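# Inside the fold
Spelled out, the chains give:
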Amino acid sequence: MLCSRFLKPPKEKHGAIYMTFERFFDGMAGLYDRTLKVVLRHRLATVTLSFILMVATGFLFIDLPKGFIPSYDAGFMFGLTLAAQDISFDSMKEHQQALNKILLAEPAVGTMMSFTGAGFGQSGNTGIFFISMKPRSQRSESVDEFIARMRGKLFSVPGILAFMQNPPPIQIGGQFARAPYQLTLQGTDTKEIYSWAPQVEGMMRGLPGLLDVNSDLQLASPQVFVDINRDKAFALGVSPQQVQDALYTAYGTRQASLIYTPSNEYRVITEVEPKYQRTPEALSKLYIRSSGGQLVPLDTVAKLIRTTGPLTINHWGQLPAVTISFNLAPGKSLGDAANAVDDSLRKMRLPASLTTNFRGTVQAFQNSFRGLSILLLVAVLVIYIVLGILYESLIHPITILSGLPSAMFGALLTLKVFHLEMDLYAFVGLIMLFGIVKKNAIMMIDFALEAQRKEGKRPLDAIYEGCLLRFRPIMMTTLAALFGTLPIALGAGAGAESRRPLGLAVVGGLLVSQLLTLYITPVIYLYMESFQSWMRGHKPGQAMQLGEAQAEPVLR
């Protein structure tokens, strides 16, 4: 409709730009005519090339690193901090503030929020900070580059570790950990888990490409065990509940009252003075009022035993578990990292009572990659069924699909050249590519079949004429798709680095398939027509020989 309104009548003269493009296209059409004649004379070599491309496509698909959801720069990041298990809140606050000063001194940091202490599912020796980066135009590095540079600076602060993350655009399962990729060690025997978890963590630290390997297992937390002498306590009129209440009042968060003001309310919490909260010896100065009204020292009715134990006991699915989280080094694919961990775990020969499972993103990646591989096959099968219904043929849908290996080869080769992974976006690009590429073959095959049925032309004449007549619309639609996808391939716009594999897969696939399918599809069509004639009772070479005889003057 737009063309009918805006295109000029053919009697009017076209501009210089139009004539330049027209001469360029005429030259391309003439070159295609001459090369097509050569290819049709060497059909066996063309089919051999097609099979070589199919094998090379399979090799690239297996060899290309596999990823899932690519990282992108949203101008936001967060980090989790970890200190010694016996650290006090005041000391933890000082260490956290030391990290904050380093981060706030960076010119790329816009705003920052920092918290410490128990919260966000973490223990008292942990903290968290959130950073909003300045706009991309005001900083010279991406979020991932900033994290890689700051990793060494923050680890240089004594007494505290910082694990920074660039959150993915889609968070899938798992738990809130100090790194995005997680492996969970699970079992019924806590001693067995606590024995093997450090060994698994050490193994993962030694694998190349894994960074920030850490676990939520903390077994060296200092503890004071209050062993109540019940006989002596009852003799002095002190019950175990009174001991528990006294400890909770002195060191817990018992709320004594609530103060209301016109704009807020304040909870009053009972506690002993801070100087009596630092050492276990202060417990001996804690007194309990007996049922007779006398004050009884705590160490009179209880024995204080110093020991160490787990800071927290974590569970997953109602069973004790230890989660080991890790990050990936630049250039390391998630698929290679997961395979390396699985191979090392098999060599360790863990007890049968222990199970190891990836959680969150890694688990979703392993499940989704198998599903996406099947999805590609299903897409090809659906296309074959639909084309078979449209053309009422079991043969020529294969002819139309013969261009897909060259398209996949171009897409995978482009990803390989640019050192990108086969991730979720690249899979979407492949499926898009299937729909774009097969229309080239449909244009040629549709014309050839109509010419055979209505005009009685031989297969070679029909496909040769169809290739030349449909060359212009094929080039127009391909160039439109190519230039439409080019901005995505160039990586323009916010967060474009995550979508770049999609654009490169489509652009690379179109460039290679456009060059090859224009020659491979006619040859496959002739072989399929010969095979179809043979299936109907003709001699194997009869249909092909007739086509060659009639079209011989044309090919000369």
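Residues numbered from 1 in each chain as written. Predicted model: local features only at pLDDT ≥ 70, side-chain atom pairs only at ≥ 80, totals over all residues. Heavy atoms only, no water.

## So, the overall build of the chain
A count of helical and extended segments in the chain gives 18 helices and 15 strands. The C-alpha atoms of the chain give 36 Å as radius of gyration, which overshoots the globular expectation for 556 residues (24 Å, by more than 25%). If you line up the chain on its principal axes, its C-alpha atoms span 120 × 55 × 40 Å. In the chain, which comprises 556 residues, the proportion classed as buried is 44%. Counted over contacts in the chain with a minimum sequence separation of 6, partners at least 24 positions apart contribute 76%. Carbon together with sulfur atoms contributes 61% to the accessible area of the chain, which is approximately 30,000 Å² in total. (Helix = DSSP H or I, 4+ residues; strand = E, 2+ residues; numbered from the N terminus. Rg over C-alpha atoms; globule rule 2.2 N^0.38 Å. Buried < 20%, exposed > 50% of the residue type's maximum accessible area, 1.4 Å probe, protein only. Contact = heavy atoms within 4.5 Å. Areas by Shrake-Rupley, 256 points an atom, 1.4 Å probe, with all protein chains shown as cover.)

## Topic: the packing of aromatic side chains
Applying the stated criterion across every chain, the model contains nine aromatic pairs. Summarising the aromatic geometry, the rings of phenylalanine 61 and phenylalanine 427 are spaced 6.3 Å apart at their centres and angled 85° between planes, so their arrangement reads as edge-to-face. Of the two residues, phenylalanine 61 sits in helix α3 (residues 43-63) while phenylalanine 427 sits in helix α14 (residues 424-455), which places them 366 residues apart along the sequence. By relative accessible area, which is 18% here, phenylalanine 61 ends up buried. Following the ring pairs from residue to residue traces out a cluster consisting of Phe25, Tyr32, Phe471 and Tyr519. In this structure, lysine 66 is placed above the aromatic ring of phenylalanine 61, and the distance from its NZ or CZ to the ring centre is 5.6 Å. Seen from the ring of phenylalanine 25, arginine 472 lies directly overhead, with NZ or CZ sitting 4.4 Å from the centre. (Phe/Tyr/Trp six-rings, centres within 6.5 Å; stacked < 30°, edge-to-face > 60°. Lys NZ or Arg CZ within 6 Å of the ring centre and 35° of its normal.)

## Brief notes about the confidence of the model for the chain
Overall, the prediction assigns the chain a mean pLDDT of 83, with 93% of residues at 70 or greater. Confidence scores differ between elements of the chain, with helix α18 (residues 542-555) showing the lowest mean pLDDT of 41 and strand β9 (residues 265-269) the highest of 93. Predicted confidence is poor over residues 539-554, with pLDDT under 50, and the contacts of this stretch with residues over four places away or in other chains come to 20 contacts. (pLDDT = per-residue confidence, 0-100.)

## Considering the packing of helix α4 (residues 89-104) against helix α5 (residues 143-155)
For the pair α4 and α5, the least separation of the axes is 11 Å and the interaxial angle reads 140°. Compared by their axis directions, α4 and α5 come out oblique. Two packed elements cross with a definite hand, and for α4 against α5 that hand is right-handed. Contacts between α4 and α5 involve Leu99, Ile102 and Leu103 on the former and, on the latter, Phe146, Met150, Lys153 and Leu154. Considering only residue class, the contact of α4 with α5 consists of six nonpolar, no polar and one charged. (Axes fitted to C-alpha atoms, helices over the stretch in contact; angles between N-to-C directions. Parallel < 35°, antiparallel > 145°, perpendicular 65-115°, else oblique. Left-handed = near helix turned anticlockwise from the far one by under 90°. Nonpolar A, V, L, I, M, F, W, Y, C, P; charged D, E, K, R; others polar.)

## Quick notes on helix α11 (residues 361-391)
Taking 1.5 Å of rise per residue, 31 residues should cover 45 Å, and α11 covers 43 Å from first to last C-alpha, within 8% of that figure. The positive-phi residue at the C-terminal boundary of α11 is glutamate 392, with phi of around 50°. (Expected span 1.5 Å × (residues − 1).)

## Quick look at the environment of glycine 237
Note on placement: glycine 237 falls in the loop between α7 (230-235) and α8 (240-251). A residue is classified by how much of its surface remains accessible, and glycine 237, at 16% relative accessible area, is buried. Separated by 59 residues in sequence, glycine 237 and valine 296 place their C-alpha atoms 9.2 Å apart. Every residue in contact with glycine 237, bar those within four places of it in the chain, is listed here: Gln242, Ser290 and Ser291.

## Digging into the pattern of salt bridges
Per the counting criterion, the structure on display carries 14 salt bridges. For the salt bridge of glutamate 201 with arginine 205, the shortest nitrogen-to-oxygen distance reads 2.7 Å. One end of the pair, glutamate 201, and the other, arginine 205, are both in helix α6 (residues 190-205), four residues apart, so they sit about a helical turn from each other. Here aspartate 343 ties to arginine 346 by a salt bridge, and the two come within 2.2 Å at their closest N and O atoms. Here aspartate 343 and its partner arginine 346 are both found in helix α10 (residues 334-348), three residues apart, which amounts to about one turn of the helix. (Salt bridge = Lys/Arg side-chain N within 4 Å of Asp/Glu carboxyl O.)

## Points about the pairing of strand β1 (residues 76-83)
Extensive coverage of β1 is indicated by the burial of seven of its eight residues. Relative to strand β3 (residues 126-133), β1 runs antiparallel, the two sharing seven bridges. The residue of β3 that forms the bridge with leucine 82 is threonine 126. Pairing between β1 and strand β4 (residues 160-165): six bridges, direction antiparallel. Considered in β4, the bridge of glycine 79 is made with methionine 164. (Pairing = 2+ DSSP bridges.)

## Comments concerning the sheet that holds β3
The four strands are arranged β2-β3-β1-β4 in an open sheet whose pairing can be described as antiparallel. A single partner strand is all that each edge strand has here, and the edge strands are β2 (109-116) and β4. Across the sheet, the mean angle separating the axes of adjacent strands is 20° when strand polarity is ignored. Lying over the sheet, α4 contacts β1, β2, β3 and β4, oriented at roughly 170° with respect to β2. In this fold α5 packs onto β1, β2, β3 and β4, with an angle of close to 175° to the strand it touches most, β4.

## Focus: the packing of helix α2 (residues 16-41) against helix α16 (residues 471-490)
Geometry of a packed helix pair, given as the angle between the helix axes and the separation of the axes. In contact at an axis separation of 11 Å, α2 and α16 are set at 120° when each is read in the N-to-C sense. One element, α2, and the other, α16, form an angle in the oblique class. Classified by chirality, the crossing of α16 by α2 is right-handed. Across the interface between the two elements, Glu22, Phe25, Met28, Ala29 and Tyr32 of α2 pack against Phe471, Arg472 and Met475 of α16.

## Some points on the nonpolar core
Within the largest apolar cluster, 99 residues are counted, with the highest numbers of intra-cluster contacts made by Met204, Leu210, Phe326 and Ile463. Residue contacts for phenylalanine 326: discarding those within four places in its chain leaves Ala179, Pro180, Tyr181, Gln182, Met204, Leu210, Leu211, Asp212, Val213, Phe358 and Val362. Among the nonpolar cores identified, the runner-up in size contains 21 residues, and Leu103, Val143, Val157 and Ile160 belong to it. (Core = buried A, V, L, I, M, F, W, Y, C linked by side-chain atoms within 4.5 Å.)

## Here's the deal with α5
In this model α5 runs 18 Å from its N-terminal to its C-terminal C-alpha over 13 residues, within 8% of the 18 Å that 1.5 Å per residue would give. Its maximal kink placed at arginine 149, α5 deviates by approximately 30°. Taken as a whole, α5 has its buried residues at Val143, Phe146, Ile147, Met150, Arg151 and Leu154. (Bend = angle between axes of the 7 residues up to and from the residue.)

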